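Coordinate analysis (summary)
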Amino acid sequence: MLKWQQWNRAARRIMWVLALIGVIAAIPIGANRWQMEKTSKQVEYVFDYSDLVLVASYQSRPVDYIKSELQKLKSHGVGTLSVFESRLDELENAGRLGLYSEAEAALLQGKPSPAGQNYTYLLFEGAREQAALEPMIRERFESDGIAVRPWDLDGKRGLVLETPMAGAVLKSMAPDPLALTELHDAGFRLLPRLSDRIPYDTERMDALLAGFKNLGVTRILFDGGAVTGFADQAADKTLTHFAQKLNEYGIGITAIENLKKPQSGLNTLAYLTHYNVTRLYSLSDKDAAALKPDVIADRFLLAAKDRNIRMFYLNAAPSANLDKGTVTDPMDNLYKSLDGPDGAIAKLDSFGFPSGEAHAFERSYPSWMKALKAVVALGAISLIALLAGAFFNGLALIVFLLGLAGSAGLYVLNSSLMEQGLALGAAISAPTLAMIWAINRIRSHTEGQRRPVGGEWNSAANEGTDRSFQVSPWSGMLGGLGQAGTRWVFRGLSAGRRLTMALSILAVTSLISMLAIPIVIGLLNSMTYSLVLEQFRGVSLLHLAPIGLTAVYLFLFTGQSVWLSLRRVLGLQITILWCVAVAVIGAAGLYYLSRTGNSGTATSLELVFRNTLEGTFGVRPRFKEFLLAHPLMVLGLFLSLRYRAAWVLLIVGSMGQLSMVDTFAHIHTPIHISLIRILLGLGIGVVIGLILIAAWQIGETLVRRFWPRERAANG
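Residues numbered from 1 in each chain as written. Predicted model: local features only at pLDDT ≥ 70, side-chain atom pairs only at ≥ 80, totals over all residues. Heavy atoms only, no water.

Here's the deal with the overall build of the protein
Worth spelling out the cut-off: Only DSSP runs of H or I with at least four residues qualify as helices, and only runs of E with at least two residues qualify as strands; both kinds are numbered from the N terminus onward. Think of it in three bands: residues with accessible area under 20% of the maximum for their type are buried, residues over 50% are exposed, and the middle band is partly exposed, with areas taken using a 1.4 Å probe on protein chains only. A contact between two residues is defined here by any heavy atoms of the two lying within 4.5 Å. Per-residue accessibility takes into account occlusion by the displayed protein chains alone, with areas from the Shrake-Rupley method and a 1.4 Å probe.
When its secondary structure is counted, the protein shows 29 helices and 16 strands. Scored against the burial criterion, the 715 residues of the protein give a buried share of 50%. Intrachain contacts of the protein at a sequence separation of at least 6 include 79% that bridge at least 24 residues. Of the roughly 32,900 Å² of accessible surface on the protein, a fraction of 60% belongs to carbon and sulfur atoms.

What about the pattern of salt bridges?
Which entries qualify depends on this criterion: We count a salt bridge whenever a side-chain nitrogen from Lys or Arg sits within 4 Å of a carboxyl oxygen from Asp or Glu.
Tallied over the full model, the rule gives 28 salt bridges. Its salt-bridge partner being Arg128, residue Glu129 comes within 3.5 Å of it at the nearest N-O pair. Given a relative accessible area of 10%, Glu129 falls into the buried group. Glu182 serves as the salt-bridge partner of Arg128, at 2.7 Å between the closest nitrogen and oxygen. Of this pair, Arg128 sits in helix α6 (residues 127-143) while Glu182 sits in helix α8 (residues 177-185), placing them 54 residues apart in sequence. We classify Arg128 as partly exposed; its relative accessible area is 45%. Relative accessible area serves as the criterion here: at 31%, Glu182 is assigned to the partly exposed category. Salt bridges linked by common partners bring Arg96, Arg128, Glu129, Asp176 and Glu182 together as one network.

Side note on helix α27 (residues 623-640)
Just so we agree on the cut-off: How far a helix is expected to stretch is found by multiplying one less than its residue total by 1.5 Å. The bend reported for a residue corresponds to the angle between axes fitted to the seven residues ending at that residue and the seven starting there.
Its 18 residues give α27 an end-to-end C-alpha distance of 24 Å, which sits within 8% of 26 Å, the value for a rise of 1.5 Å per residue. Along α27, the helix axis deviates most sharply at Ala629, where the bend reaches about 35 degrees; the proline Pro631 sits within four residues downstream. Across the 18 residues that make up α27, a large majority, 16, are buried.

With respect to the nonpolar core
As a reminder of what qualifies: We call a set of buried Ala, Val, Leu, Ile, Met, Phe, Trp, Tyr and Cys residues a nonpolar core when their side-chain atoms join them within 4.5 Å.
Judged by nonpolar contacts, the single largest core of 89 residues is most densely connected at Ile137 and Phe300. Of all the elements, helix α14 (residues 293-307) adds the most residues to this core, at six residues. Those residues in contact with Phe300, other than ones at most four positions away along the chain, are Tyr45, Tyr281, Leu283, Phe312, Leu314, Leu338, Ala344 and Leu348. Listed in part, the 87 residues of the second largest apolar core include Ala11, Ala423, Leu493 and Trp647.

Considering the packing of aromatic side chains
How we decide: What counts as a ring pair is set by centres within 6.5 Å for rings of Phe, Tyr and Trp (its six-membered ring), and what kind of pair is set by the plane angle: stacked under 30 degrees, edge-to-face over 60, tilted for all other angles. Lysine NZ or arginine CZ positioned within 6 Å of the ring centre and within 35 degrees of the ring normal marks a charge as sitting over the ring.
This model, assessed by the stated rule, comprises 14 aromatic pairs. The interplanar angle of 40 degrees and the centroid separation of 6.4 Å between the aromatic rings of Tyr45 and Phe300 together place this pair among those described as tilted. One end of the pair, Tyr45, is in strand β1 (residues 44-48); the other, Phe300, is in helix α14, and 255 residues separate them in sequence. Accessibility classification places Tyr45 together with Phe300 in one group, the buried group. Seen from their ring centres, Phe222 and Phe242 are 6.1 Å apart, and the 70 degrees between their planes marks the pair as edge-to-face. Of the two residues, Phe222 sits in strand β9 (residues 219-222) while Phe242 sits in helix α11 (residues 238-249), which places them 20 residues apart along the sequence. Accessibility assignment for this pair places Phe222 and Phe242 in one class, buried. Taken together, the ring pairs connect Tyr45, Tyr281, Phe300 and Phe312 into an aromatic cluster. The residue whose ring lies beneath Arg498 is Phe638, and the NZ or CZ to ring-centre distance is 4.3 Å.

Re the sheet that holds strand β6 (residues 156-161)
As a reminder of what qualifies: A pair of strands is labelled paired if DSSP reports no fewer than 2 bridges between them. Every angle, taken between N-to-C directions, lies between 0 and 180 degrees, and every axis is a line fitted to C-alpha atoms, over only the stretch in contact when it is a helix.
With antiparallel pairing, four strands are arranged side by side in an open sheet as β3-β4-β6-β5. Unpaired on one side and paired on the other, β3 (97-100) and β5 (148-153) mark the two borders of the sheet. The sheet shows a mean angle of 25 degrees between the axes of neighbouring strands, direction not considered. In this structure, β5 lies alongside β6, joined through six bridges in antiparallel fashion. From the neighbouring strand, Pro150 faces β6, where its bridge partner is Leu159. Helix-sheet contacts for helix α5 (residues 102-109) involve β3, β4 (120-124) and β5, and the interaxial angle to β3 is about 110 degrees.

A few points about the side chain of Lys624
Going by this rule: In summary, the charge assignment counts Lys and Arg as positive and Asp and Glu as negative, without counting His or the chain termini. Two N or O atoms count as a polar contact when they lie within 3.5 Å, although within protein this holds only if one can serve as hydrogen donor and the other as acceptor, and sequence-adjacent residues are included solely when both atoms are side-chain atoms.
By secondary structure assignment, the location of Lys624 is in helix α27. No salt bridge is formed by the buried Lys624. Its closest oppositely charged neighbour is Asp662, at 4.8 Å. A distance of 3.3 Å separates polar atoms of two side chains, one belonging to Lys624 and the other to His543.

Considering the pairing of strand β2 (residues 80-86)
Summarising burial for β2: seven of the seven residues are buried, a large majority. In the sheet, β1 pairs with β2 via three bridges, with the strands oriented parallel. Opposite Asp48, over in β2, you have Ser82 as the bridge partner. Where β2 and strand β8 (residues 189-194) come together, five bridges link them in parallel fashion. When the bridges of β8 are listed, Leu81 appears paired with Leu190. Sheet topology note: the β2/strand β7 (residues 173-175) ladder contains two bridges and is antiparallel. When the sheet's bridge partners are listed, Glu85 is paired in β7 with Pro175.

Structural notes on the side chain of Glu129
Among the structural elements, Glu129 can be located in helix α6. Non-local contacts of Glu129, meaning those with residues more than four positions away in its chain, are made with Arg96, Phe124, Glu134 and Leu178.

Overview of the packing of helix α17 (residues 368-391) against helix α19 (residues 415-446)
Quick reminder of the rule: Note that the term roughly parallel is reserved for angles under 35 degrees, roughly antiparallel for angles over 145, roughly perpendicular for angles of 65 to 115, and oblique for everything else. In this scheme the handedness of a crossing depends on how the near helix is turned from the far one: anticlockwise by less than a right angle means left-handed, clockwise means right-handed. All residues other than Ala, Val, Leu, Ile, Met, Phe, Trp, Tyr, Cys, Pro, Asp, Glu, Lys and Arg, Gly among them, are scored as polar; the first ten of these are nonpolar and the last four charged.
Where α17 contacts α19, the two axes come as close as 8 Å, and the packing angle between them is 45 degrees. Judged by the inter-axis angle, α17 sits oblique to α19. The handedness of the crossing between α17 and α19 comes out as left-handed. Where α17 approaches α19, its residues Lys373, Ala377, Ala380, Ile381, Leu383, Ile384, Leu386, Leu387, Ala390 and Phe391 are matched on the opposing element by Glu419, Leu422, Gly425, Ala426, Ser429, Ala430, Thr432, Leu433 and Ile436. When the residues that make up the contact of α17 with α19 are grouped by side-chain class, the tally is 14 nonpolar, three polar and two charged.

Considering helix α20 (residues 495-513)
Rule in force here: Throughout, the arc means that of the directions going from the helix axis to the C-beta atoms.
The end-to-end C-alpha distance of α20, which contains 19 residues, comes to 27 Å, matching closely the 27 Å that a straight helix rising 1.5 Å per residue would cover. All buried positions along α20 are accounted for by Arg498, Met501, Ala502, Ile505, Leu506, Thr509, Ser510, Ile512 and Ser513. Down the axis of α20, the buried set is contained in an arc of 165 degrees. They therefore lie on one face.

Considerations on the confidence of the model for the protein
Test applied: Values of pLDDT, ranging from 0 to 100, describe the predictor's confidence in every residue of the model.
Averaged over every residue, the pLDDT of the protein is 87; the share at 70 or more is 87%. Confidence scores differ between elements of the protein, with strand β15 (residues 450-452) showing the lowest mean pLDDT of 49 and strand β12 (residues 311-314) the highest of 98. Note that residues 452-487 has pLDDT below 50 and, in this model, 88 contacts with residues that lie over four places away or in other chains.

This is the structure:
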């Protein structure tokens, strides 16, 4: 047993060295990612052309309205228009053709509607429309086995589609070729939106992409739940063919941020196109109409700066205004949000994101990166083993060996899962180890210096040297020090000394927590994370585990015996106050978890505060760090060097330590933004913590001065 303990002690020293080597090995990987994040700065503003056509259909002169709005869009900085796959009803809204049911066609011809027949009729607006659209319409309907034949009326040429109109208008076809040409000639870039609704045909797709290339198309956006070619990939390798053609014509793809469900096949297509992907933020038509222009501009800035978004998609929709008795649209609101000195275009440009054509990030993967990543993984395993050893000395070496074997096996089965597992383990371990170090550091300065104090002040003999009082009835159970009901304070350290020690302990604690940051960056260095095609799983566990482990260590592992501390905790008398406290803590925990990740929502007051911080510092630190966790950590360290009960504040302080690591787990956020964010949060948190300490000292002085007088007066 003695020899095993000696091996464990030696192994723990080696593991700390391996963890530091892993951190150093991750630095070149992080530098490679930092360079990648500088390769794409231009942002592209895209407007939905089909929305413009829909809005125009509610105007008295639709064609004139479209021409006017196209000029306004261009003058206000929108350089790209998206064009969907066309449908018959949309072509009718665009003025390309007239669409009629069986009864309407009969009425036009002055004939009774034929019994037992329900076809769809259409008339082209002119010869130009017929030449461009008839081949496309014939091909689409005939491929589904629907008969198509000519139809003429009053000199206009048209078609009869032997299918009901309800089904005919649901069939998607290639984007309107006339719209593509007109918009290109008007000086707009084009962003076609394709779906997987049309049966995939290799020749047709080749011709379609070749036509896109001639029109200067450099990127495609997908519509619906799957990318083009996904449905038939298993049988005919259509997705592979589509990717080959995209690469051949130099056309990339676009990923929409925060979809409820990722588009099927997008990850595969991204891989096959060598990650020629640009991320897009879509402003809904409701937000375009309801949000103030400055709010829209701030959203765009935050997306570009903090989430590597390079395309902004603008939607619009007509809405009925009963008060004015008109149909309105959000176009003017959009123009205000884009234009002017406070508009999105000027604001983003001032932060280094000029308007232009969006490009994919460029990243190289040198041969040495794989070897360094293995060293980083070894560092992560070491941190995890060290955490196990911090609770039970004999486990460090065992966990390290099991971690090596398990990681090797998991790498063969699923390397991505292995990387995420080690990154999560390191992200939990480093902040927890940091908090354990801080607790033990405080113990080394206070144990042996404790003194029981009742509900009264110390005797007059101690006045001026160690005047202390009880601040919490929990101190008797913390770590099992003292008898039940005994209150403890520590003596021997002045307020100035406690302050300098608290700040130095916070600095070292934060440095230990930050050991996980390079390791997380080094392990999760794939472009799939930067493009959010794959996400770091386990965020909820990361937000809870260090807090829980810190509490367990504080209550059970800071006494003479773990089992004695456990018996004392289990033997506590449960009161209504305890039940209320547990309910409050549980509610706070649920709210805390609800604010993690991308699904959390902020109050209006918080949004105002966020914008103020954004405007002041350029980067917004996390609220829970600089307003709660870091200040209470500073105050807790200061008070813990005197009052045992104040150690409970360190549990809340652990939230700030894990949050610093979690900031870097958002891989789509640029490294320098995350670094500025945690340093700002730490700096502001320390300042607020110093204010809390000053307030405590003032309050303590006042209580010392007036409390004895009040007792004497009431005596």
